[in-house]
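Observations on the model geometry
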Amino acid sequence: MIEIELPGLAETVYLYTHESGLRCYFWRNEKVNGTHMTLSVKYGSIHTDFKIGNKKYHVPHGVAHFLEHIKFNETEDFTAHDYFRKSGADVNAFTTFDFTSYLLFTTVNQKENLKHLIDFVYNPFFTKKIIQKEKSIIVEEANMVNDDVAATSYYQHLKNIFNDYKYKEIITGEPDDIKAISLEDVLLVYRSFYHPQNMFLCVTGNVNPYEMAKVVDEALENKEFEEFVQPTIIPVKEAKDVVKEYDQVFVNIMNARVRYAVKLPKSKFKDIDDVTLRMIFALILNMNFGSTSDFKEELLAKDLITNLYTNVDFFDEYIVLLIVAETEYSDEVTKRIEEQLNHLDVDEANFNRKMKANIAAMILEYDDIETVNSRIQENIVHYDEFISDYFDRFKSITHAMLQDVSSRVSTQNKAILDIKPKKNNHN
C-alpha cells in the first residue's frame, strides 16, 4: 500500500495495486456515513478503431455504452440491480467519451457491496438474446437524446467544431449503429479492454483502506485473467479549422441562447503542462465571464442576457473554450463575447481574489466523497496517475502566467451556434 500525501490539504490517498494490475485508490473521510465506489475502464465512446498487434479492428459507435448496459446481467434472469436493491446500495453506471464507470453508493454492507461490484463487472455474461433484447431499449434512449434540446445543441456544436474527431458522435450511438452491434463486437471489446491492467477502482468514504484492499484480494482471488492484449487506439488527425463558423438551429426551447466556442491547438501552449493549463484557463474564463465578472454583470444590467456560463475542455490535441449565453440578442452578445475574448482581462487584483476563492473551494472539495472520487477518476483517465500536488500547482500559478496564456488566445477558429425557439414557420 502506498500512502500519497496531498500537500496543503492534510489529506492522504492510499494506492493499492493488485497482482492482476488493478489499481485501487482509497480515500477515508470519517465525517461521513456513506461510501462512494467506482470501478472504471479506460474505454469510451470514441474508441471504435484500435489495433491489437498489427491487426486493426473497428466496432460500431455506441459499443461502449451498449456494453455498459448489458454488463449488469449476471445470469439470464438476475441482474446486479437485483442484488444491490436487496443489499442497501444504489448502483448505476455511465459512459463518457473516454471511459466507462460502474458506481455505487452505500451506507451499509460496504465490504459485501464492494466485493459484488467487482464480481459483476468481471462476470462476462453475454448472450445473443440479451443483446437483441437490449437493442430496442438503447435505441429508445438514443432517440431520447436526439429529442433533448441541450444534448442535440451540444452535439451539433461539436459537429461544427470538429472535422474528424469522434467527439461529435453521440455517446449512445445512432439507432443504426446500435442495431449493427453484434455479440462478437461486445466480446471483442470486453476481452480487449475490460482487463484489470486497463481498469481502476476508487473508494471514497468512511472506510479503512487496508480492509478494502483485503476485500479486493478476496474478490479477485478465484478470477483468472488472460494476458492483457494491450490494444492501441488508432489516433485521429484533426485539422485546425472548424467545420462551420456560424450555424443557426431552431429547437423546442422557450429561451434563445448562443454557444460561442474557440478551438485552440494545444501546441500553442506546449511549454505548460496540461494540469496547470486547465487551471489557468478556468481562472481566465472565471475572471472574464464568471458570476462576479464585470462582463456578466454589465450584460445582466442591460437585460442583454438572462444567464451566462463557461467551460474549458481538452480534446486530444485541441482545447475548446466555451461561453454560453441565454439571450434574445445573439448578434449583440456574440459581438461582445468576441471582443472580450480578444481583450481578456487579467487584472492582478482580481486574479489575487480569484486565487484565494479557488484555494478555499479546493479545500472544501474534500468534504464531498463523490467530488473526490470524480477527481481521482479524471486524473487517471487524463493523466494515468493521481495528481497529488494539485493544490501546490494551483498556488504556483502567477499573474504573469495568466497574462502569457491569455495573450495566446485567438478567436480565429471560432464556432458559433445560434439556438432559437422553434416556430410554426420553421422545420
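Chains are numbered independently. Their residues run from 1 in the order of the written sequence. Residue-level local features of this predicted model are given only where pLDDT is at least 70; pairs of side-chain atoms are given and counted only at 80 or more, and the full residue set underlies all totals for whole chains, interfaces and linings. Computation of side-chain values covers all heavy atoms of the structure but excludes hydrogens and water.

So, on to the side chain of Arg375. The secondary structure listing takes helices from DSSP runs of H or I that are at least 4 residues long and strands from runs of E that are at least 2 residues long, numbered from the N terminus. Following the sequence through the fold, Arg375 ends up in helix H13 (residues 369-383). Leave out the neighbours within four places in its chain, and Arg375 touches Glu365, Tyr366 and Tyr390. We call two residues in contact whenever any of their non-hydrogen atoms come within 4.5 Å of each other.

Turning our eyes to something else, we now look at helix H1 (residues 63-70). When a residue's accessible area, from a 1.4 Å probe over protein chains only, is under 20% of the maximum for its type it is buried; when over 50% it is exposed; and in between it is partly exposed. Within H1, 7 of the 8 residues are buried, which leaves the element mostly enclosed by the surrounding structure. Listed as buried for H1 are Val63, Ala64, His65, Phe66, Leu67, Glu68 and Ile70. Buried residues belonging to H1 abut strand S7 (73-75), strand S9 (89-95), strand S10 (100-106), helix H4 (128-147), helix H6 (175-180) and helix H7 (183-193).

Bringing the pairing of strand S4 (residues 35-41) into the picture now. Burial runs high along S4: 7 of the 7 residues are buried. Burial of S4 is two-sided: the residues Thr35, Met37, Leu39 and Val41 facing one way and the residues His36, Thr38 and Ser40 facing the other way are all buried. As judged from the 7 bridges shared by S4 and S10, these two strands associate in the antiparallel manner. Counted as the bridge partner of Val41 is Thr100 from S10. Strand pairing is defined by DSSP finding a minimum of two bridges between the two strands. Where S4 and strand S11 (residues 199-205) come together, 7 bridges link them in antiparallel fashion. From the neighbouring strand, Leu39 faces S11, where its bridge partner is Leu201.

The next thing to look at is the packing of aromatic side chains. Between two aromatic rings, the relevant description is the distance of the centres plus the angle of the planes. Planes of paired rings set the category: under 30 degrees apart is stacked, over 60 is edge-to-face and the rest tilted, where pairs are Phe, Tyr or Trp rings (Trp by its six-membered ring) whose centres lie within 6.5 Å. Using the criterion set out here, one finds 25 aromatic pairs in the structure. In this structure an aromatic cluster arises from ring pairing among Phe72, Tyr83, Phe84, Tyr102, Phe120, Phe126, Tyr190 and Tyr194. Consider the ring centre and the ring normal. A charge sits over the ring if Lys NZ or Arg CZ is within 6 Å of that centre and within 35 degrees of that normal. Positioned above the aromatic ring of Tyr318 is the side chain of Lys263, whose terminal nitrogen or guanidinium carbon lies 4.9 Å from the ring centre. For Arg278, the ring lying beneath its charged end belongs to Phe314, and the centroid distance is 4.3 Å.

Let us look at the environment of Asp247. Secondary-structure assignment places Asp247 in strand S13 (residues 246-251). Remark: the alpha-carbon pair of Asp247 and Asp418, spanning 171 residues in sequence, is separated by 6.1 Å. At 3.4 Å, the side chain of Asp247 forms a polar contact with the side chain of Gln156. Pairs of N or O atoms are called polar contacts if they sit within 3.5 Å, as long as, within protein, a hydrogen donor faces a hydrogen acceptor (for residues adjacent in sequence, only side-chain-to-side-chain pairs).

A few words now on a negative patch on the surface. Excluding any residue in a salt bridge, patches collect residues exceeding 30% relative accessible area, merging like charges within 9 Å and nonpolar Val, Leu, Ile, Met, Phe, Trp and Tyr side chains within 5 Å. Here the accessible surface of atoms and residues is derived via Shrake-Rupley with a 1.4 Å probe, and residues count as covered only by protein chains that are part of the display. For this analysis, a salt bridge means a side-chain nitrogen from Lys or Arg found within 4 Å of a carboxyl oxygen belonging to Asp or Glu. Residues scored as charged are limited to Lys and Arg (positive) and Asp and Glu (negative), so that His and the chain ends carry no count. Every charge is mapped to an atom, namely NZ of Lys, CZ of Arg, CG of Asp or CD of Glu. On the surface, Asp294, Glu297, Asp345, Asp347 and Glu348 cluster together into a negatively charged patch. Note on placement: Glu297 falls in helix H10 (residues 294-301). Using a relative accessible area of 42% as the deciding quantity, one classes Glu297 as partly exposed.

Before going further, it helps to examine unusual backbone geometry. Here Ala10, not a glycine, exhibits a phi torsion of approximately 55 degrees, which is positive. Relative to the elements of secondary structure, Ala10 occurs in the loop between strand S1 (2-6) and strand S2 (11-17). With a phi angle near 65 degrees, Asp384 is a residue other than glycine that sits in the positive phi range. Tracing the backbone shows Asp384 in the loop between H13 and helix H14 (390-395). Classification of Asp384 by relative accessible area gives partly exposed; the value is 40%.

Right, let's talk about the pattern of salt bridges for a bit. Per the counting criterion, the structure on display carries 22 salt bridges. The partner of Asp49 in a salt bridge is Lys166, with the nearest N and O atoms 2.3 Å apart. You can see Asp49 sitting in strand S5 (residues 49-52) and its partner Lys166 sitting in the loop between helix H5 (149-161) and H6, a full 117 residues away along the chain. In this structure, Asp82 and Arg85 form a salt bridge, with 3.2 Å as the shortest nitrogen-oxygen distance. Highlighted residues: Asp82 and Arg85, both in helix H2 (residues 80-87), separated by 3 residues, approximately one helical turn. Looking at Asp82, the relative accessible area reads 23%, which means it is partly exposed. If you follow the salt bridges from partner to partner, you end up with Glu298, Lys302, Glu332, Lys335 and Arg336 in one network.

Right, let's talk about H10 for a bit. Residues Phe295, Lys296 and Leu299 constitute the buried set of H10. Along the long axis of H10, the arc covered by the buried residues comes to 95 degrees, so they all point the same way. More than 90 degrees from the buried face of H10, the exposed residues found are Asp294 and Ala301. Those residues of H10 hidden inside the fold are in contact with helix H9 (274-289), strand S15 (307-315) and helix H11 (330-342). Where H10 terminates, the next one or two residues include Asp303, which has phi positive at roughly 55 degrees. What the arc covers is the set of directions going from the helix axis to the C-beta atoms.

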